[in-house]
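Per-entry structural report
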Amino acid sequence: MEDSESQLPSDQDQTPEPLLSSLDIFLFSLVAGLLIYWFFFRKKPEPVLDIKPFHAVPPPITESSFIEKMKKTNRNIVVFYGSQTGTAEEFANRLAKDAHRYGMKGMAADPEEYDMSELSRLKEIPNSMAVFCMATYGEGDPTDNAQEFYDWMQGADDDLEGVNFAVFGLGNKTYEHYNAMGKYTDKKLAELGGKRVFDLGLGDDDSNLEEDFISWKEQFWPAVCEFFGVEATGEDSSIRQFELVVHNDINMNQVYTGEMGRLKSFQTQKPPFDSKNPFLSPVTVNRKLNKGGNRHLMHIELDITDSKIRYDAGDHVAVYPTNDAAVVNRIGERLGIDLDTVISLKNLDEECNKKHPFPCPTTYRTALTHYLDVNNTPRTNALYQSWVLDSERNILAILEDLPSLNPPIDHLCELLPRLQARYYSIASSSKVYATSIHICAVVIEYTTKTGRVFKGVATNWLKNKEVTDNGHKHTVPMYVRRSQFRLPFKPSNPIIMIGPGTGIAPFMGFIQERAWQKEQGKDVGETILFFGCRHKNEDFLYQEELEKFEREGVLTQLSVAFSRDQEHKIYVQHLLKKNKEQLWKLIHLNNAHIYVCGDARNMARDVHAAFYEIAEEVGGLTHTQAVDYFKKLMTKGRYSQDVWS
């Protein structure tokens with residue numbers, strides 16, 4: 001997956017070494033030098049006249065030809081992005097901007113907005129090339145906006161001879177299909193006859209995606225210069241992409257207050273609901289699931305009555321969180337600005353599709369609350385690995401720890417990444433709960449190396465959506481993202497579910513649906529769950545419900561690993577090996593489907609290894625044969641994963 005909310009590391013109660021006075025100048029020169037370049041330095045533009053409101057849902061595209069647009073605007077480099085969380089889009093914009101330094105003119109483009117079959121026409125533009133920043137979503141899938149492009153590539157037999165290209169992929173090594181979309185795009189374009197100007201770049205979000213991108217980019221541009229026989233112009237591209245517009249006299253009905261697309265869409269809700277038009281779903285249930293321990297695991301129910309939203313067990317619900325008001329206020333106080341000033345940021349490139357970095361006009365407060373990610377560490381040069389990344393300093397922490405820095409707030413708003421939707425596996429079945437969607441999540445909260453308490457934006461925001469008796473219902477902007485994580489078409493197929501911790505979520509929906517199928521008189525196959533938690537008396541999630549399903553015969557087997565209830569730790573993979581003969585029979589002879597949900601970095605890999613061992617020990621396969629066996633099950637859709645890093 002391209003980006004995700006940070007995984008919860010073990011709590012740290014260490015305090016940082018004090019910053020010695022002799023290092024003041026060094027810190028200022030090191031951190032301020034590069035950090036200001038990335039975030040803060042600019043000439044303050046004069047406020048200009050009011051402009052028309054932003055439209056996040058673009059007007060109908062009359063020009064679906066990126067070739068004609070490039071010709072009209074004298075561009076010779078187009079950078080397409082497949083982006084789910086905004087990172088690939090940001091990289092594409094940076095590459096398009098960089099082209100200026102080499103006497104070229106670039107534009108970033110969303111493949112969803114153009115006819116990609118026109119790629120073969122790129123050769124009509126002299127010294128042209130197409131660059132692709134392609135993120136991989138989930139288990140090797142394209143991002144939503146690159147789905148049509150992916151479908152086109154799969155069936156394309158176009159002649160791309162004379163078309164120059166390069167690809168940078170964004171992925172995560174903890175996933176089985178690492179950078180699948182970047183690799184496929186690079187391979188397919190070459191197969192169609194395209195000329196690869198520079199080697200495929202692979203960014204790993206499990207390590208340092210920004211560092212990978214910068215390393216690739218620093219070699220990419222010299223290769224482009226050599227290929228086209230050009231030299232750097234010596235002109236640095238403008239640091240600013242947007243100019244500030246201050247609205248001193250504006251009708252507040254024209255001002256965005258947190259909507260993702262249509263102005264006033266939160267006041268007047270109209271289906272269909274999607275990423276640009278989320279549904280404000282009332283929270284009807286918000287309860288703590290665990291009975292003890294220092295964590296907070298929660299079950300939340302969202303009401304979708306009259307929304308016309310449909311979902312299947314295994315789908316994801318996307319929610320748009322808001323930042324902590326206290327953090328936003330502290331940023332405003334630290335920079336000494338009036339957060340309620342109404343502003344717009346207007347693209348300096350009038351031909352660019354992206355007129356604003358977020359819905360405008362709006363206030364600084366709304367931008368910092370709804371549209372900008374102020375909680376995560378800024379993306380910076382690798383020199384900041386220790387001071388920024390390892391110490392997990394977000395923008396407020398940087399401002400607090402470097403009091404000499406006073407960036408213009410509008411430049412900060414331009415350069416901070418967008419606050420993205422968070423995806424959760426739906427913990428219910430629409431066959432049983434047609435008008436509600438259930439979420440199971442753990443609240444992220446821990447202490448960083450600087451002694452600050454880090455709080456996950458979405459989980460803490462959800463935790464505070466309490467259900468009250470005063471008639472007021474908290475709402476959550478949400479929509480449903482379809483998934484390939486699906487129950488077998490035939491209810492009679494056995495299913496083996498492995499989901500420790502909050503990985504139980506989609507399986508609650510699966511089990512509910514198998515119970516419903518049984519009530520309908522259908523022949524329902526064996527339904528087996530391997531669940532894992534720390535302590536039976538603390539965090540055995542949904543214990544009462546699961547034991548009831550077991551008593552009723554819906555769950556034919558409930559195996560739970562309590563990792564810390566004994567001296568040696570027991571995890572779900574140990575239980576798999578303990579049931580090896582039974583599992584191999586179900587998989588090899590009875591067409592069982594396997595489902596894994598939870599942590600990709602450790603659990604999913606350990607489960608993989610356990611299944612390989614079972615195939616070797618019980619099935620008599622070699623290790624190579626075992627790996628190939630389960631790869632084929634994945635291809636057939638009989639081994640599915642819904643994992644995160």
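Residues numbered from 1 in each chain as written. Predicted model: local features only at pLDDT ≥ 70, side-chain atom pairs only at ≥ 80, totals over all residues. Heavy atoms only, no water.

Glancing now at the overall build of the chain. What the chain contains, in helices and strands, is 19 helices and 23 strands. Residues counted as buried form 54% of the 645 residues belonging to the chain. When contacts within the chain are restricted to residue pairs at least 6 apart in sequence, those whose partners lie at least 24 apart make up 78%. (Helix = DSSP H or I, 4+ residues; strand = E, 2+ residues; numbered from the N terminus. Buried < 20%, exposed > 50% of the residue type's maximum accessible area, 1.4 Å probe, protein only. Contact = heavy atoms within 4.5 Å.)

Summed over all chains, the structure comprises 34 aromatic pairs. With a centroid separation of 4.9 Å and 15° between ring planes, the pair formed by Tyr-102 and Trp-221 is classed as stacked. With Tyr-102 in the loop between α3 (87-98) and β2 (106-109) and Trp-221 in helix α6 (residues 209-228), this residue pair connects regions lying 119 residues apart in the sequence. As far as the burial class goes, Tyr-102 and Trp-221 line up, both buried. With a centroid separation of 6.2 Å and 35° between ring planes, the pair formed by Tyr-320 and Tyr-479 is classed as tilted. Of this pair, Tyr-320 sits in the loop between β11 (316-319) and α7 (325-335) while Tyr-479 sits in strand β18 (residues 475-481), and the two are 159 residues apart along the sequence. (Phe/Tyr/Trp six-rings, centres within 6.5 Å; stacked < 30°, edge-to-face > 60°.)

Further remarks concern the packing of helix α18 (residues 600-617) against helix α19 (residues 623-635). The N-to-C vectors of α18 and α19 enclose an angle of 120°; their axes lie 9 Å apart at closest approach. Every pair of crossing elements has a handedness; the one defined by α18 and α19 is right-handed. Contacts between α18 and α19 involve His-608, Phe-611, Tyr-612, Ala-615 and Glu-616 from the former and His-623, Ala-626, Val-627, Phe-630 and Met-634 from the latter. Among the residues forming the contact of α18 with α19, the class breakdown is seven nonpolar, two polar and one charged. (Axes fitted to C-alpha atoms, helices over the stretch in contact; angles between N-to-C directions. Left-handed = near helix turned anticlockwise from the far one by under 90°. Nonpolar A, V, L, I, M, F, W, Y, C, P; charged D, E, K, R; others polar.)

Okay, the sheet that holds strand β21 (residues 557-562) next. Strand order in this open sheet of five strands is β21-β20-β19-β22-β23, and the pairing throughout is parallel. Two strands close off the open sheet at either side, each with one partner strand: β21 and β23 (639-644). The sheet shows a mean angle of 10° between the axes of neighbouring strands, direction not considered. Sheet topology places strand β19 (residues 495-498) next to strand β20 (residues 527-533); four bridges connect them, and they run parallel. Bridge pairing in β20 places Ile-498 opposite Phe-530. (Pairing = 2+ DSSP bridges.)

Before going further, it helps to examine the sheet that holds strand β12 (residues 342-347). Taken in spatial order, the three strands line up as β8-β12-β13 in an open sheet, and their pairing is antiparallel. Edge positions in the open sheet fall to β8 (242-246) and β13 (362-363), since each of these has one partner strand only. Strand direction decides the pairing type here: β8 and β12, joined by five bridges, are antiparallel. By the bridge assignment for β12, Val-246 is matched with Ile-343.

Feature annotation in UniProt places "binding site: NADP(+)" (unreviewed entry) on Arg-295, Thr-502, Ser-563, Arg-564, Lys-569, Ile-570, Tyr-571, Val-572, Gln-573 and Asp-606, given in this structure's numbering. When you line up the elements, Arg-564 lands in the loop between β21 and α16 (572-578). Residue classification places Arg-564 among the partly exposed positions, given a relative accessible area of 42%. Excluding its chain neighbours within four sequence positions, the residues that come into contact with Arg-564 are Arg-534, His-535 and Lys-569. Structurally, Ile-570 is set in the loop between β21 and α16. Note on Ile-570: relative accessible area 24%, which makes it partly exposed. (UniProt positions renumbered as here; feature names shortened; annotations may be inferred.)

Now for the pattern of salt bridges. Opposite charge on two side chains permits pairing when their charged atoms draw close. For the structure on display, the rule yields 33 salt bridges. Through salt bridges with shared partners, one network takes in Glu-68, Lys-71, Glu-118, Arg-121 and Glu-124. (Salt bridge = Lys/Arg side-chain N within 4 Å of Asp/Glu carboxyl O.)

Here we come to the environment of Pro-321. Secondary-structure assignment places Pro-321 in the loop between β11 and α7. Separated by 140 residues in the primary sequence, Pro-321 and Trp-461 have C-alpha atoms spaced 6.5 Å apart. Apart from residues lying up to four places away in sequence, Pro-321 is in contact with Leu-419, Gln-420, Arg-422, Val-457, Ala-458 and Trp-461.

We now examine the pairing of strand β3 (residues 129-137). Most of β3 is tucked away: nine of the nine residues are buried. Of the two faces of β3, both are covered, the one formed by Met-129, Val-131, Cys-133, Ala-135 and Tyr-137 as well as the one formed by Ala-130, Phe-132, Met-134 and Thr-136. As defined by bridge partners, strand β1 (residues 77-82) adjoins β3 across six bridges and the pair is classed as parallel. Each residue of the ladder has a partner; that of Val-79, found in β3, is Val-131. Bridging between β3 and strand β5 (residues 164-171) involves six bridges; their strand directions are parallel. Within β5, the residue paired with Ala-135 across the bridge is Leu-170. Relative to strand β4 (residues 141-142), β3 runs antiparallel, the two sharing two bridges. Across the sheet, Tyr-137 pairs through a bridge with Asp-141, a residue of β4. Following β3, the chain reverses through three residues before pairing antiparallel with β4; Gly-138 in that reversal takes a positive phi of roughly 55°.

Moving on to α7. Because an α-helix packs 3.6 residues into every turn, residues spaced three or four apart end up facing the same way. Listed as buried for α7 are Val-327, Val-328, Ile-331, Gly-332, Arg-334 and Leu-335. Take α7 and look down its axis: the buried residues cluster within an arc of 165°, on one side only. Those residues of α7 hidden inside the fold are in contact with α8 (364-371), α10 (395-401) and α11 (409-415). Where α7 begins, the capping side chain belongs to Asp-324, and its oxygen is found 2.9 Å from the backbone nitrogen of Ala-326. (Arc of directions from axis to C-beta. Polar contact = N/O pair within 3.5 Å; in protein donor to acceptor, adjacent residues only side chain to side chain.)

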